[in-house]
Amino acid sequence: MAFLKNRTPVIIVGVLIVLALVGLIGSFTANPAGFIQRIAVIALIGLVIYFLVRKFSNSSPQKKEQQAFLKAAKRSKKRLQQKSGDTNVKTSSLGTLTTLKKTSKTKKKSPAHLTVIDGKKGKKKNRASF
C-alpha cells in the first residue's frame, strides 16, 4: 500500500501531459500552418542556442585535454622536422612516432636502491609510560 501514497505526483504529471496534448491538437486543428510555423521557429531558436552554448563553453576537460594534445603533437612534429631538416637519412633512421613510443616504453627502469636501517629490536618498549 506504500505505492499509493506517492501516486499524487504521477497523477498531476499525467493530467498536465493530457492537457498539453489537447492544447497541441486544438492548436493544430484551428491553424495548421501557424502551428507548423511556431514549431519551426522554436526548433530554430533551440538549435541556435545549442550551437552558441557549445561554441562558447570550453569548460569541458576532454576538450581542453584534446587541445593540449594537438598542441603538443604540433610542437613535437615541428621539433622533429627541425632536427632532420638537413638530411633525410635521419627521418628514416628515426622511424615513425609509434616506433619511438614503443622504444621509450620498453626502457628498463633502474632498480630502486633500498637500505635497511637496523633498529633496537631486542629492547622491549615500556608501554605504560607515555
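Each remark here, short or long, concerns the structure printed above.
The sections below set out a description of the structure shown in this document. (Residues numbered from 1 in each chain as written. Predicted model: local features only at pLDDT ≥ 70, side-chain atom pairs only at ≥ 80, totals over all residues. Heavy atoms only, no water.)

1. Side note on the packing of helix α2 (residues 7-30) against helix α3 (residues 32-56)
Moving on, step 1. Look at α2 against α3: their axes get within 5 Å of each other, and the N-to-C directions meet at 125 degrees. When the axis of α2 is compared with that of α3, the two are oblique. Counting all contacts with α2, which are made through Leu24, Ser27, Phe28, Thr29 and Ala30, the residues of α3 involved are Pro32, Phe35, Ile36 and Arg38.
Moving on, step 2. Each residue belonging to the contact of α2 with α3 can be placed in one class, and the counts come to six nonpolar, two polar and one charged. (Axes fitted to C-alpha atoms, helices over the stretch in contact; angles between N-to-C directions. Helix = DSSP H or I, 4+ residues; strand = E, 2+ residues; numbered from the N terminus. Parallel < 35°, antiparallel > 145°, perpendicular 65-115°, else oblique. Contact = heavy atoms within 4.5 Å. Nonpolar A, V, L, I, M, F, W, Y, C, P; charged D, E, K, R; others polar.)

2. Brief notes about the packing of aromatic side chains
Moving on, step 1. Applying the stated rule across the entire model yields two aromatic pairs.
Moving on, step 2. Where Phe28 meets Phe35, the ring centres are 5.4 Å apart and the plane angle is 75 degrees; that geometry is what we call edge-to-face.
Moving on, step 3. A relative accessible area of 40% places Phe28 in the partly exposed class.
Moving on, step 4. You can call Phe35 buried: its relative accessible area is 16%. (Phe/Tyr/Trp six-rings, centres within 6.5 Å; stacked < 30°, edge-to-face > 60°. Buried < 20%, exposed > 50% of the residue type's maximum accessible area, 1.4 Å probe, protein only.)

3. Examining a nonpolar patch on the surface
Moving on, step 1. On the surface, a nonpolar cluster with roughly 500 Å² of combined accessible area is contributed by Ile11, Ile12, Val15, Leu16 and Leu19.
Moving on, step 2. Note that Leu16 resides in helix α2.
Moving on, step 3. Take Leu16: its relative accessible area is 54%, and that puts it in the exposed class. (Patch = residues over 30% accessible without salt bridge, like charges linked within 9 Å, V, L, I, M, F, W, Y side chains within 5 Å. Areas by Shrake-Rupley, 256 points an atom, 1.4 Å probe, with all protein chains shown as cover. Salt bridge = Lys/Arg side-chain N within 4 Å of Asp/Glu carboxyl O.)

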